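# Working through the structure, step by step
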Amino acid sequence: MTLACLKHVKRRPPLILGVVAFLATPACRKPAPDEVVFQGTSVVARPMNTAGATGGSPALGSGGVLNRPTSGATVSNPTGGTGGQPNPGSGGSPSSASGGSTPQPMGGSAGQSPLPPEPLIPRAVSCGGANVVVPFSKEALLGSIAECAVKSYVDFEVAARALSLVLAGTRTDTTPEQAWLSTQRAWQHAELFRFGPAGRSTEPGGRDLRDHIYGWPLISRCKIEEQLVSQAYALPTFSDTTINGRGLGALEYLLFYKGSDNACSAFSPINAGAWVALGPVELAQRKRAYALAAASDVVARANSLLSFWDPASGNFCKEVTQAGTGSTTFGSTQLALNAVSDALFYMDEEFKDWKLGRPSGLVECAGLSCPEAVEAPYAGASLDNLRANVSGFRSLFQGCGQGHSGLGFDDWLIAVGASDLNARMFGALDQLEQKLKAVPVPLEDLVRTDLARAQELHAAAKALTDLLKTEFVTLLNLDLPKSVEGDND
Amino acid sequence: MTTTSSFYRLLTRLREPVDSAWLAAFRVLFGLTLAVSIGRFIWNGWIDTFYVRPTFRFSYFGFEWLTPLSDEGFHLLFWVLGALAVAVALGFLFRLTALLFALGFAYLQLLDVGTYLNHYYLAALLSFLLWLSPAHRTWSLDRCLFRMRSPEKVRALWLYLFRFQLAVVYTFAGLAKATPDWLWHAQPLGIWISSHTDLFLVGPFFRLPFAAHVMSWAGFLFDMSIAWLLLVPRLRPFAYPVLLFFHSMTSVLFPIGMFPVIMTLGALVFFSPSWPRRLLGILGARLASDPNPATNAEGTLGFSRLDRLGLMAAASYCVLQLAMPLRYLAYGGNVLWHEQGMRFSWRVMVREKNGSVTFVVREPRTGKIWHVSARRYLNPVQEREMSTQPDLILQLAHRIRDDYRALTNSPVEVRAEALVSLNGRRIHALIDPNVDLATVQDSLLPARFILPSPVEAPPHLKRI
């Protein structure tokens, strides 16, 4: 049972009984493809599309109890199981357990040697979009974009799973920090495909999954620190907590911030003694445990995202590729193209204004510059994120094949005879990419030492988004994002 | 002498009594149409989108004093307007309900320039005309409740006034299309139909290279001629089906809401005043006959001093209606670009404009610069409207000036980097980026902060 599914169950009380009955049956069913299973003290993501994952018996062990860092509280699988209920992937035995009173670091208990790194097999999800360039058709473009979206989500899911395994201690070929950087890079690329299930629930087919995976800019350090004290990450309700204390943003703080202070006000309950009482060792252990829970949640969301797209389950692929014919989400190809083109506008608000404009002092910044407003302050990965965003934009705009081959919006522009605009958009994109590539220092250092250069990055992004917001939407007759249906004349 | 006699002939013609069935039918159909229109706002959640949620509103010049209602007030107003529209249709307490509806509807239109639509403007005008007219004289609850015995006749003036209003809309909408963009380059129609190439039946036609030109010319000729064709009784049976087809197509192709319905039903005023009775007669309805036909028009429809004042008011109204769409000539340049004289001119669906506006605020004391996005103040619908209309850009610049002046405790300069694409052309600067908008006052005079329109032709695009 994925976290996303659990969320829906909670919203629909009448379904709970059915779900409970379903879960209570012997675990001889075929596990859901996005299932994440706890094994003993380690959390591992079930490899997809492997023989072991499809059997009726637990693929990854016999369903050991979960020794979570609790204070005697009963805890359960934070990836979807509820307290006291059988863990569907653990051989039918309850996943809940009486935790010890002494918190233990996640990632393998003492004396238990880590398992050898297992190959991470990507989930074989495909929308079947053929990357045929000639002759151009809007339907083919939608197929290509759907395929690119799924490809970016698959890449991310593999990276997230690796991170989870590293945190669990079952993979030792890299550090948690490096694994986070890889995961973050994959997600920053996938950020540009924020439509359908990844998009907001107010948009066609939206499931808010982007925000569950990466809630930035809604990341609250204080919230995370409060949860470190309360150990809310160990509760079964963790996946239902607000997004500002979960996801990749929380993971960044947990893995990279080494200070022992906290960002909460002096009036916060944790500053009444609980925070100081933790001590550095305990704090480090809790951070690691929290990180593991957060990573497991991210993996579950990533699997959920893929399942929503997977033709074998949610089949959002069909909603996009059969827009106007078999799709119930998009009544026409144009509506689907509007939805996917909205994703390009990530470059305007999030990329240009928030990620570049704020640190470089141009947007909502009182001082000369605001280095503290960079996206990834603890990991120093803000510039990497920007580069990955541009790469994602290029995949969506140009195509996601080898060397960005394949169908993209550029092919549409050429097909309608707007080669001039196409060339100017590529010019602006190349310029932005080169300027980002040429920056030798982290973004926070750049805005401190060479503000003019940081503001040049902002100007380069603006050159691209100006074209996007004007000629691009005009010539392709696309709606601007969040356009409300209304009358016109 | 000839002029004087012609004038009196005209007056005599205007005072002639005609069957009021046409006006009653118009009242019923218009009232129900507006009730549906109001209902769409309630049903689609547009009350919140357009009236409740916006934190910034663009004022009409001279109407800055209008204040918005509370959240509940807006919702209540729409429900009341819906009920009033139904009351108007029924002819219930007509003078009161029609006036209240017209005032309430006008209030909503005048509250925010950003919500301006030509057909809302038309609906507001028709609401006031309807209120002033004796539209409750026939087939109304008032006639039953108050046992009105007046003949079911109205002066021909009312018929001509409504016909004039509809003819003005069509004719000026046609004149607005008499531009190289529309007629020679078939833009923006070429852009618009490009997203409808998968439509049933007509989609393949839209892909043809000449389709946009054919449709542009057809639209132009339709708008220019339809009112006059409808005036000729022999051509009416052919013209009205054409009108029905035209408005059906526009309804399918463009998100223009109730406009096609209003025009389709409104155009019935061009028919003989007794058309509803004939129709009802065919249907065998009892309402078909006039129960109290006037025998002496002079006696029953006197021409009082008040009537003369009314005639003068009607004449003034007509002059105003002709002058408003032509006022753009006083500004020179391309009205589609600078937008001065654009509103209240029936320039319906004649431009595709998209803009990207960044406000650059500078504090002279420190040299500190901010880039302010309109998103901070506007919802996406408002932002889109603002980004191509200079007076709205100026209004938002003033708000930003006030906010940053308060923030910094010192004067600030506000400039706008406004890049706009008109009918698919390359982007050009709409606002002079060197002008400090913080010091520019809004007025009806030609705005010097607006840069000239681009001169190159719009693109010719393939439709796939």
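Residues numbered from 1 in each chain as written. Chains lettered and ligands numbered in written order. Predicted model: local features only at pLDDT ≥ 70, side-chain atom pairs only at ≥ 80, totals over all residues. Heavy atoms only, no water.

### Some remarks on the environment of S201(A)
Looking at the element boundaries, S201(A) is found in the loop between α5 (176-190) and α6 (209-213). When residues no more than four places from it in sequence are discounted, the contact partners of S201(A) are G206(A), R207(A) and D208(A). (Helix = DSSP H or I, 4+ residues; strand = E, 2+ residues; numbered from the N terminus. Contact = heavy atoms within 4.5 Å.)

### Some remarks on the confidence of the model for chain B
All names here are of chain B. When pLDDT is averaged along chain B, the result is 94, and 96% of the positions lie at 70 or above. Below a pLDDT of 50 lies the segment residues 295-300, which in the model reaches four contacts outside its immediate sequence neighbourhood of four places, other chains included. At the level of chain-chain contacts, confidence expressed as ipTM amounts to 0.93, with global pTM at 0.86. (pLDDT = per-residue confidence, 0-100.)

### Comments concerning the pattern of salt bridges
Residue and element names in this part refer to chain A. Within the structure shown, the criterion is met by 45 salt bridges over all chains. Of the charged contacts in the structure, one is a salt bridge between D211 and R210, with a shortest N-O distance of 3.0 Å. We note that D211, like R210, is buried. With a closest N to O distance of 2.8 Å, E433 and R394 form a salt bridge. On the criterion of sequence distance, the pair formed by E433 in helix α15 (residues 419-438) and R394 in helix α13 (residues 382-398) is long-range, its members being 39 residues apart. (Salt bridge = Lys/Arg side-chain N within 4 Å of Asp/Glu carboxyl O. Buried < 20%, exposed > 50% of the residue type's maximum accessible area, 1.4 Å probe, protein only.)

### Things to note about the sheet that holds strand β4 (residues 368-373) of chain B
An order of β4-β3-β5-β6 (chain B) is seen for the four strands of this open sheet, with the pairing classed as antiparallel. Of all the strands in the sheet, just β4 and β6 (428-429) of chain B have a single pairing partner and so form its edges. Those strands touched by helix α17 (residues 451-475) of chain A are β3 (353-363), β4 and β5 (413-422) of chain B, and its axis lies near 150° from that of β3(B). (Pairing = 2+ DSSP bridges. Axes fitted to C-alpha atoms, helices over the stretch in contact; angles between N-to-C directions.)

### Notes on the nonpolar core
Judged by nonpolar contacts, the single largest core of 271 residues is most densely connected at W309(A), F409(A), F472(A) and F359(B). Here F359(B) is in contact with W370(B), H371(B), V372(B), A374(B), M386(B), I393(B), L396(B), A397(B), I400(B), V414(B), R415(B) and A416(B), once residues within four sequence places are set aside. (Core = buried A, V, L, I, M, F, W, Y, C linked by side-chain atoms within 4.5 Å.)

### Observations regarding the interface of chain B and chain A
Contact with chain B, which involves 47 residues of that partner, is made by 43 residues of chain A. The largest per-residue losses of area from chain B upon contact with chain A belong to H371(B), R375(B) and I464(B), which jointly make up 17% of the total buried on that side. Among the ionic pairs, R426(B) bridges to D420(A), the shortest N-O distance being 3.8 Å. For the pair chain B and chain A, the interface holds 19 residue pairs in polar contact (both at pLDDT 80 or more). Going through the elements one at a time, α3 (46-52), α6 (118-132), α10 (189-193), β3, β4, α19 (380-386) and β5 of chain B are the ones with two or more residues in the side of chain B that touches chain A. Broken down by element, the residue count for the side of chain B that touches chain A peaks at five residues, all from β4(B). Class assignment of the residues belonging to the side of chain B that touches chain A gives a composition of 20 nonpolar, 15 polar and 12 charged. (Buried area = accessible area lost by both parts, 1.4 Å probe. Polar contact = N/O pair within 3.5 Å; in protein donor to acceptor, adjacent residues only side chain to side chain. Nonpolar A, V, L, I, M, F, W, Y, C, P; charged D, E, K, R; others polar.)

### Some details on the state of the cysteines
All names here are of chain A. This model, assessed by the stated rule, comprises four disulfides over all chains. C365 shares a disulfide with C370; S-S distance 2.0 Å. Where C365 bonds to C370 through sulfur, the torsion about that S-S bond is close to 95°, and the disulfide is right-handed. Each member of the pair, C365 as well as C370, carries the same accessibility label: buried. Ordinal numbering of bonded cysteines along chain A defines a disulfide pattern of 1-5, 2-8, 3-4, 6-7. (Disulfide = S-S within 2.5 Å.)

### Concerning a nonpolar patch on the surface
All names here are of chain B. On the surface, V86, L90, F92, L93, L96, L100, L103, L141, L145 and F146 cluster together into a nonpolar patch covering about 850 Å² of accessible area. Of all the elements in the fold, those that place two or more residues in the nonpolar patch are α4 (71-90), α5 (94-111) and α7 (141-145). Counting residues per element, the nonpolar patch draws most heavily on α5, at three residues. Assignment of secondary structure puts F146 in the loop between α7 and β2 (153-155). (Patch = residues over 30% accessible without salt bridge, like charges linked within 9 Å, V, L, I, M, F, W, Y side chains within 5 Å. Areas by Shrake-Rupley, 256 points an atom, 1.4 Å probe, with all protein chains shown as cover.)

### Brief notes about the environment of Q178(A)
Residue and element names in this part refer to chain A. Position of Q178 among the secondary structure elements: in helix α5. Judged by its relative accessible area of 43%, Q178 is partly exposed. Residues Q178 and A379 lie 201 residues apart in sequence; the distance between their C-alpha atoms is 9.9 Å.

### Some points on the side chain of S127(B)
Inspection of the secondary structure assignment puts S127(B) in helix α6. Residues within four places of S127(B) in sequence aside, it is in contact with F30(B), L34(B), F101(B) and A102(B).

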